[in-house]
Amino acid sequence: MTMNAQGRPTRSDAPTVNAAPTFTGNKALQIEEALIFEVGHFAGTGVDLPEPNGGVDRLGGLNRNTDIGLPGLSEPETMRHFVRLSQKNYAIDMGPFPLGSCTMKHNPRLNEKIARLPGFSDLHPLTPEAQCQGALELIDQLAFWLKELTGMPAVAMSPKAGAHGELCGMMAIKAALEARGEAGKRTRVLAPESAHGTNPATAVQCGFIVDAIPADKTGRVDLAALKENLGDDVAGIMVTNPNTCGLFERDIRAIADAVHEAGGYFYCDGANFNAIAGKVKPGDLGVDAMHINLHKTFSTPHGGGGPGSGPTVLSEALAPYAPVPYVHFEDGKFSLVETRRAAKAEGESAKSLGRLTAFHGQMGMFTRALAYMMSHGRDGIAQAAEDAVLNANYVLSRLKEEMTPAFDGYCMHEALFDDGFLKDTGVETIDFAKAMIDEGYHPMTMYFPLVVHGAMLIEPTESESKRELDQFCEALLSLAKRAKAGDVDAFKAAPLHAPRRRLDETAAARKPVLRWTSESSVQAAE
Amino acid sequence: MRYLPLNDADRRQMLDIIGAGSIDEFFSDVPVEARGGSFDLPDHAGELEVERALTAMAAKNRAASAGPFFVGCGAYKHHIPATVDHIIQRSEFLTAYTPYQPEIAQGTLQYLFEFQTQVAALTGMEVANASMYDGSTGCAEAALMARRVTRRKKHILSGGLHPQYAAVTRTNLELVDDQVIIASPDVEAGEDPAAMIDDETACVVVQTPDVFGNVRDLSPIAKAAHEKGALLVAVVTEAISFGALKSPGEMGADIVVAEGQSIGNPLGFGGPYVGLFATRQKYLRQMPGRLCGETTDAEGRRGFVLTLSTREQHIRRDKATSNICTNSGLCTLAFAVHMTLLGAAGLRRLATLNHEAACKTADALGAVPGVEVVNKSYFNEFTLRLSKNAAEIVENLASDGVLAGVPGGRLWPDDPKAENLLIVAATECVTDEDVEMFASKLAKAI
């Protein structure tokens, strides 16, 4: 045995044993954690507040006399609870998070610091304009960056997320059709089969009917099929570009021209703008409206599913219908135009589509996105797009050895594979993805886009180093080889090393348990 | 560039392995006329430069903590325990995605389950979702949900509803050609929404405390709505009020929508916030947004998953209950952490402190000549009728260091009757000195 200078062994000579279940159910750093309701303290609290004076009650006799029934945990218990929970999560700060279409890139902490400056974070949305000039200036500057990068003349800043931005864009289209007196006639929206689910859902929320356009053999919109579907009943098209197969729509100008000739508008889903930011201006492609996911392209954190932010750029044709509020600059002063009527008086937005949210949008995301843009600058934004595309093509090229790309040729920022290489192995896309978890990776996007069988969509982003990508590719290649070698049981059992094995989603949906109740804790204890 | 790990040698080597001559080959599908555009933007900058520029912008704003502060109307200044911001900045929460892979997202899923339980308890409802963007968009979604449940197309919005909530709801409902009746601003809570409900009404939307601060009894409205087969949508913009006031569930609401910002989330100039959304079990499948549910894993251990996603856009596409794709993830976490610290006991005390602060402020301001407190009841916000234009008074006091509240003209610019109204909020952050200063400056200004 090797000893150190103090005579302590530096290497264990303990015999290898199979891990038996522990008494606690914990596994070293993986600690099981109860629900806060099971910890108890229903009369407790973890805050020190002064004793009320008592004696006043102007609640109109509507006092809450029943139990609220929520526990209050002390500060150390609260901290430990949430820290333990955090350790059951995978995150971009831990390793590659190659979710195609989701753009999990590094989230710089400078952005967090800026968002927390009291002048931004502790600022009320209804502060008089003279006392919030800096906030309005920030919104105006971010708007300038977005307009410049997209080559579009206007941007609506208030949409709260990508899907909300889609809603904004489609509402602007509807408002424009109404102004033309054609809203009753133009009721159809065309969207490719490969579209994000939000596209058809949004169109329906706007009162449109959605017709799917097939993809051609190269994974792009079938231009001939699109043209056949166009007519004077079409309000517009919703096309993602680069598309959800990770490909640039090479007929994009022809698509835009055909739609415009038919009297419709072109909504571009900007979810994948990160592949072309700083390189290509959507305004040069004939786009009428496009949302920008600040949480994808401009790196505001995904936060476990939100909050997002979806500013929406608009063409000359749609700009007059932009929602309120918006920032106006005149005589060295910023002001807010907050109502339809005020917009009309301004003369700028005579037919505003209305209001999408209370207040002014996701300011906390604006501060982060602008900090990110200023850090990267014009040159860095373009370099980031190039690196994202290079990384995706590198992954595509290396994985081709064992996996089956869905389409020939290069990709943009994400590499799409089908499950062809798993044929006859018994291993399915989901099994392959779950096996990646045991290798320390978050799985790629699975079964999307719908147009590819058993789809696996890998988006490495520009944040991965070559070393990290090499290890990632080698891990996936080894998994592919194992699958082909007939190791199907191991794949079906995966993941083995995560905080939980596969979860029963069918049972969860069949008999939904959506909250803790005192009865459910009895069950848990039994 | 500090955010990019690749260097030129890596890039060359990678291109060689791919067999591409240059990066440009990957962009060959881009139409020639759209390549190489010019951008009127600066080049990259270091942390110091960016921080300097944005700090200068922040310095032009008046933070709520900078002095006496009484602004509310849907966003409230409350103290946030230091623990909250620490936890939401943990990498594992901050930089995670939507928990679509539950085996490695139990942290997010468990706090969503706890959040849903907290929201259901606070609102007095049976089920809550994993949040909406904010209260106002939640309000629009509630009306759309009532439309699906009742298959009716008429919506009545109370004159006590925050006008921006009403505007958002109208904008969404106009899209599907529904009829929206917005009652005129009801400063003294004298309207009778129950009388406006008929057999075609999908829902009646009532806020309590309303935008003027009045506490409203929803019970008679719920009764009237249910008699006509309509739903009552209750809106709450101040979540701290759940600690003092009878819950909307107790009063018979069918859907409760609330702005959760007050618990754990900063003012942030209006967003991101967190929309609370709760309803009755029987309407569960018409509910929009994400839901987290309990289940077991392959070893029989308890775990959590996103569930009932057949309502959602990524599965149902054009048949989805809503196009919503995200929730307010990190803001729900901030809410859950703060609520875990507070507990029911802490929330009740906090609510009482808010109410006392408002009573004290109202008494001090009401004693100023030319100032009348309109409300008969209120929680932590009330309305003053001034003898002068309120916007001018607010401007005047703001330049004197006091942010006095929201002038009626800001929310109802087209309604001359609102011009002299001033809506004042007072929370636990307000001190006796703040109140004295406000009263003395108001006396001078009037």
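A quick note: this is a predicted structure, and the numbers were derived from the prediction, not measured.

Scoring rules and cut-offs
Residues numbered from 1 in each chain as written. Chains lettered and ligands numbered in written order. Predicted model: local features only at pLDDT ≥ 70, side-chain atom pairs only at ≥ 80, totals over all residues. Heavy atoms only, no water. Helix = DSSP H or I, 4+ residues; strand = E, 2+ residues; numbered from the N terminus. Buried < 20%, exposed > 50% of the residue type's maximum accessible area, 1.4 Å probe, protein only. Contact = heavy atoms within 4.5 Å. Areas by Shrake-Rupley, 256 points an atom, 1.4 Å probe, with all protein chains shown as cover. Lys, Arg positive; Asp, Glu negative; His and termini not counted. Charge placed at Lys NZ, Arg CZ, Asp CG, Glu CD. Buried area = accessible area lost by both parts, 1.4 Å probe. Salt bridge = Lys/Arg side-chain N within 4 Å of Asp/Glu carboxyl O. Polar contact = N/O pair within 3.5 Å; in protein donor to acceptor, adjacent residues only side chain to side chain. Core = buried A, V, L, I, M, F, W, Y, C linked by side-chain atoms within 4.5 Å. Pairing = 2+ DSSP bridges. Axes fitted to C-alpha atoms, helices over the stretch in contact; angles between N-to-C directions. Parallel < 35°, antiparallel > 145°, perpendicular 65-115°, else oblique. Left-handed = near helix turned anticlockwise from the far one by under 90°. Nonpolar A, V, L, I, M, F, W, Y, C, P; charged D, E, K, R; others polar. Domains from an automatic or database assignment. Disulfide = S-S within 2.5 Å. Phe/Tyr/Trp six-rings, centres within 6.5 Å; stacked < 30°, edge-to-face > 60°.

1. Focus on the overall build of chain A
Phase 1 of the analysis: Counting its secondary structure elements, chain A contains 16 helices and 13 strands.
Phase 2 of the analysis: Each principal axis of the C-alpha atoms in chain A carries an extent, and together these give about 80 × 75 × 55 Å.
Phase 3 of the analysis: For chain A, with 526 residues in total, the buried portion stands at 62%.
Phase 4 of the analysis: Here the analysis covers contacts within chain A between residues at least 6 apart in sequence; of these, 69% occur between residues at least 24 apart.
Phase 5 of the analysis: Accessible surface computed for chain A: about 19,200 Å², of which carbon and sulfur atoms make up 50%.
Phase 6 of the analysis: Placing the 51 positive and 66 negative side-chain charges of chain A at their respective mean positions leaves the two points 1 Å apart.

2. Quick word on the interface of chain B and chain A
Phase 1 of the analysis: Counting residues at the interface gives 198 residues for chain B, matched by 205 residues for chain A.
Phase 2 of the analysis: Here chain B and chain A share an interface that buries about 17,200 Å² over both sides, 62% of which is from carbon and sulfur atoms.
Phase 3 of the analysis: Here chain B is connected to chain A by 15 salt bridges.
Phase 4 of the analysis: The partner of Arg-349 of chain B in a salt bridge is Glu-51 of chain A, with the nearest N and O atoms 3.2 Å apart.
Phase 5 of the analysis: For the interface between chain B and chain A, the tally reads 94 residue pairs in polar contact (both at pLDDT 80 or more).

3. Section: the nonpolar core
Phase 1 of the analysis: In this structure, Phe-298 and Phe-432 of chain A are the most contacted members of the largest nonpolar core, which totals 123 residues.
Phase 2 of the analysis: Per element, the largest residue contribution to this core is 17 residues, and it comes from helix α11 (residues 363-399) of chain A.
Phase 3 of the analysis: Setting aside its immediate chain neighbours within four residues, Phe-432 of chain A contacts Met-403, Phe-421, Leu-422, Val-427, Met-444, Met-456, Leu-476, Leu-479, Ala-480 and Phe-491 of chain A.
Phase 4 of the analysis: Ranked by size, the runner-up nonpolar core spans 76 residues in total, among them Ile-87, Val-204, Met-251 and Phe-379 of chain B.

4. Quick notes on the pairing of strand β6 (residues 255-259) of chain B
All names here are of chain B.
Phase 1 of the analysis: Along β6, five of the five residues are buried, which leaves the element largely enclosed by surrounding structure.
Phase 2 of the analysis: Sheet topology note: the β6/strand β7 (residues 275-279) ladder contains five bridges and is antiparallel. Its bridge partner being in β7, Glu-259 is matched across the sheet by Gly-275.

5. A closer look at the sheet that holds β7 of chain B
Residues and elements named next belong to chain B.
Phase 1 of the analysis: Read from one edge of the open sheet, seven strands run β1-β7-β6-β5-β4-β2-β3, paired in mixed fashion. At either end of the open sheet lies a strand with only one pairing partner, and these are β1 (127-128) and β3 (179-182).
Phase 2 of the analysis: Pairing between strand β5 (residues 231-236) and β6: four bridges, direction parallel. The partner of Val-235 across the bridge, within β6, is Val-257.
Phase 3 of the analysis: In the packing of helix α7 (residues 163-174) onto the sheet, the strands contacted are β2 (154-157), β3, β5 and β6, and the crossing angle to β3 comes to about 165°.

6. With respect to unusual backbone geometry
Phase 1 of the analysis: Cis geometry is adopted by the peptide bond preceding Pro-242 of chain A, which originates at Asn-241 of chain A and carries an omega value of -10°.
Phase 2 of the analysis: Checked against the element boundaries, Pro-242 of chain A lands in the loop between β4 (234-240) and α9 (252-261).
Phase 3 of the analysis: In this model, Val-324 of chain A is joined to Pro-325 of chain A through a cis peptide bond whose omega is 0°.
Phase 4 of the analysis: Position of Pro-325 of chain A among the secondary structure elements: in the loop between β7 (312-314) and β8 (326-330).
Phase 5 of the analysis: The phi dihedral of Ser-299 of chain A is positive, around 65°, even though this residue is not glycine.
Phase 6 of the analysis: Its relative accessible area of 1% is what places Ser-299 of chain A among the buried residues.
Phase 7 of the analysis: Look at Phe-269 of chain B: it is not a glycine, yet its phi comes out positive at around 55°.

7. With respect to the packing of helix α6 (residues 162-179) of chain A against helix α7 (residues 198-205) of chain A
Residue and element names in this part refer to chain A.
Phase 1 of the analysis: As a packed pair, α6 and α7 sit with axes 9 Å apart at the nearest point and diverge in direction by 45°. With respect to α7, the element α6 is oriented oblique. Like other packed secondary-structure pairs, α6 and α7 cross with a definite hand, here right-handed. Here Ala-163, Glu-166, Leu-167 and Met-170 of α6 lie close against α7, whose contacting residues are Thr-198, Asn-199, Thr-202 and Gln-205.
Phase 2 of the analysis: For the contact of α6 with α7, the class distribution of residues is three nonpolar, four polar and one charged.

8. Quick word on the domain arrangement of chain A
Residue and element names in this part refer to chain A.
Phase 1 of the analysis: By the assigned domains, chain A splits into domain 1 (112-370) and domain 2 (378-507).
Phase 2 of the analysis: The distance between the C-alpha centroids of domain 1 and domain 2 comes to 31 Å.
Phase 3 of the analysis: Note on domain 1 versus domain 2: buried area summed over both sides is about 1,600 Å², and carbon and sulfur give 67% of it.
Phase 4 of the analysis: Linking domain 1 with domain 2 are one salt bridge.
Phase 5 of the analysis: Among the salt bridges present, the one from Lys-279 reaches Glu-386, with a minimum N-O distance of 2.7 Å.
Phase 6 of the analysis: Here domain 1 and domain 2 share four residue pairs in polar contact (both at pLDDT 80 or more) between them.
Phase 7 of the analysis: Residue composition of the side of domain 1 that touches domain 2, grouped by class: eleven nonpolar, ten polar and three charged.

9. A look at the state of the cysteines
Residues and elements named next belong to chain B.
Phase 1 of the analysis: Taken as a whole and judged by the stated rule, the model has zero disulfides over all chains.
Phase 2 of the analysis: Its sulfur unpaired, Cys-139 is 8.2 Å from the next cysteine sulfur, which belongs to Cys-203.
Phase 3 of the analysis: A relative accessible area of 0% means that Cys-139 is categorised as buried.

10. A few points about the packing of aromatic side chains
Phase 1 of the analysis: Under the defined criterion, the tally for this structure stands at 18 aromatic pairs over all chains.
Phase 2 of the analysis: Here the aromatic rings of Tyr-372 of chain A and Tyr-3 of chain B are separated by 5.9 Å at their centres, their planes lie at 0°, and the arrangement is stacked. In this pair, Tyr-372 of chain A is assigned in helix α11 and Tyr-3 of chain B in the segment before α1 (8-18), connecting two distinct chains.
Phase 3 of the analysis: A relative accessible area of 3% means that Tyr-372 of chain A is categorised as buried.
Phase 4 of the analysis: Plain terms: the ring middles of Tyr-410 of chain A and Phe-26 of chain B are 4.8 Å apart, the flat faces sit at 85° to each other, and that makes the pair edge-to-face.

11. Considering the domain arrangement of chain B
Residues and elements named next belong to chain B.
Phase 1 of the analysis: Partitioning chain B into domains gives domain 1 (66-79 + 344-445) and domain 2 (82-338).
Phase 2 of the analysis: Computed from C-alpha coordinates alone, the two centres of domain 1 and domain 2 are separated by 27 Å.
Phase 3 of the analysis: The interface is formed by 29 residues belonging to domain 1 together with 28 residues belonging to domain 2.
Phase 4 of the analysis: Between domain 1 and domain 2, the buried area comes to about 2,300 Å², and carbon and sulfur atoms account for 63% of it.
Phase 5 of the analysis: At the boundary of domain 1 with domain 2, the tally comes to one salt bridge.
Phase 6 of the analysis: Note that Arg-385 is salt-bridged to Glu-188, the shortest N-O span being 3.3 Å.
Phase 7 of the analysis: Residue assignment for the side of domain 1 that touches domain 2 shows that the elements contributing at least two residues are α11 (329-366), β11 (381-386) and β13 (421-425).

12. As for the side chain of Asp-122 of chain A
Phase 1 of the analysis: With respect to the helices, strands and loops of the structure, Asp-122 of chain A is situated in the loop between α4 (118-121) and α5 (133-150).
Phase 2 of the analysis: Only 2.9 Å separates the side chain of Asp-122 of chain A from the side chain of Lys-77 of chain B, close enough to count as a polar contact.
Phase 3 of the analysis: Sequence-distant contacts of Asp-122 of chain A, defined by excluding residues within four places in its chain, comprise Leu-117 of chain A together with Arg-62, Ala-63, Ala-64, Ser-65, Lys-77 and Leu-267 of chain B.

13. Brief notes about the pairing of β7 of chain B
Residues and elements named next belong to chain B.
Phase 1 of the analysis: In terms of residue burial, β7 counts as a mostly covered element, since five of its five residues are buried.
Phase 2 of the analysis: Residues Gly-275, Phe-277 and Thr-279 of β7 are buried on one face, and the alternating residues Leu-276 and Ala-278, pointing to the opposite face, are buried as well.
Phase 3 of the analysis: Inspection of the sheet shows β1 paired to β7 by two bridges, in the antiparallel sense. Considered in β7, the bridge of Val-127 is made with Thr-279.

14. Some thoughts on the pattern of salt bridges
Phase 1 of the analysis: For the coordinates displayed, the defined rule picks out 53 salt bridges over all chains.
Phase 2 of the analysis: Close ionic contact of Arg-302 of chain B with Glu-38 of chain A constitutes a salt bridge, the shortest N to O distance being 2.7 Å. With Arg-302 of chain B in strand β9 (residues 302-306) and Glu-38 of chain A in helix α1 (residues 36-39), the pair connects residues from two separate chains.
Phase 3 of the analysis: We classify Arg-302 of chain B as partly exposed; its relative accessible area is 24%.
Phase 4 of the analysis: Its salt-bridge partner being Arg-180 of chain A, residue Glu-182 of chain A comes within 3.0 Å of it at the nearest N-O pair.
Phase 5 of the analysis: Looking at Glu-182 of chain A, the relative accessible area reads 15%, which means it is buried.

15. Quick word on the sheet that holds strand β6 (residues 289-291) of chain A
Residues and elements named next belong to chain A.
Phase 1 of the analysis: One open sheet accounts for seven strands, arranged β1-β7-β6-β5-β4-β2-β3; its pairing is mixed. Single-partner strands in this sheet number two, and they are β1 (154-156) and β3 (209-213). Averaged over neighbouring strand pairs, the angle between their axes works out to 25° when direction is ignored.
Phase 2 of the analysis: In this structure, strand β5 (residues 265-269) lies alongside β6, joined through two bridges in parallel fashion.

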